[in-house]
Amino acid sequence: MTRHGDLTTIEVDQYFLYPPAKVWRALTTPELMAQWLMPNDFRPVVGHRFTFRARPVARTGFSGAIACQVLEVTPPRRLRISWADAAHPDRMATEVAWTLQPEGKGTRLLLQHSGFDPDDPTQQLARQFMNGGWRSHVLRRLGDLLNALT
């Protein structure tokens, strides 16, 4: 959950009844990422540059291509990437981090998407859209994929 009043960050906290290794696999395997998040050319290697492909969003000026770079890979605990519109990389450069914590028989997944400008109305609109998107992807689509994985 986003801290009350924090306009710079989206936070999602979700528990999955699966071990960290299984959640990590879904977060770091390109074909699996494509199933719950977006098509991509991701590799879990620090420094690797890759692109997520999505639908453009005219209201925010989003091109539909997200330019990313892997900033941190600590299996099976933490993945952190840069995240920017490929057509306008300086307009909204943010970071996304997934942190996995073993909890009981499962995993607590903490997602943090940070770096939104609180004084930029376009970035705040994008943050609002992405907040709903992250929640539906993490809570529903990732959960569905984890349920289907053997």
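Coordinates for the structure precede this section.
These numbers come from a predicted model, not from an experiment.

Draft legend 1. Main features of the overall build of the protein. Looking only at helices and strands, one finds 3 helices and 6 strands in the protein. Taken from N to C terminus, the helices and strands of the protein fall in the order β-α-α-β-β-β-β-β-α. A compact globule built from 150 residues should have a C-alpha radius of gyration of about 15 Å, and the protein, at 15 Å, falls within 12% of that. The dimensions of the protein, computed from C-alpha atoms along their principal axes, are 40 × 35 × 25 Å. Taken over 150 residues, the protein has a buried fraction of 43%.

Draft legend 2. Region of interest: the pairing of strand E3 (residues 65-74). Judged from the 5 bridges that link them, strand E2 (residues 49-53) and E3 form a sheet pairing that is antiparallel. Following the sheet pairing, Thr 51 is matched in E3 by Ala 67. Relative to strand E4 (residues 78-85), E3 runs antiparallel, the two being bridged by 8 bridges. Paired with Cys 68 across the strands is Trp 83, a residue of E4.

Draft legend 3. Structural detail: the pattern of salt bridges. Counted by the stated rule, this structure contains 5 salt bridges. One salt bridge in this structure joins Arg 80 and Glu 95, with 3.0 Å as the shortest N-O distance. Here Arg 80 is found in strand E4, whereas its partner Glu 95 is found in strand E5 (residues 94-103), with 15 residues between them in sequence. Owing to a relative accessible area of 21%, Arg 80 belongs among the partly exposed residues under this scheme.

Draft legend 4. View of the pairing of strand E6 (residues 106-114). Taken together, the 8 bridges between strand E1 (residues 9-16) and E6 define a ladder with antiparallel strand orientation. Bridge pairing in E6 links Val 12 to Leu 111. Sheet topology places E5 next to E6; 9 bridges connect them, and they run antiparallel. Looking across to E6, one finds that Leu 100 is bridged to Leu 109. Hairpin connection, E5 to E6: the antiparallel pair is bridged by 2 residues, and Gly 104 has positive phi, about 60°.

Reading guide: rules and limits
Residues numbered from 1 in each chain as written. Predicted model: local features only at pLDDT ≥ 70, side-chain atom pairs only at ≥ 80, totals over all residues. Heavy atoms only, no water. Helix = DSSP H or I, 4+ residues; strand = E, 2+ residues; numbered from the N terminus. Rg over C-alpha atoms; globule rule 2.2 N^0.38 Å. Buried < 20%, exposed > 50% of the residue type's maximum accessible area, 1.4 Å probe, protein only. Pairing = 2+ DSSP bridges. Salt bridge = Lys/Arg side-chain N within 4 Å of Asp/Glu carboxyl O.

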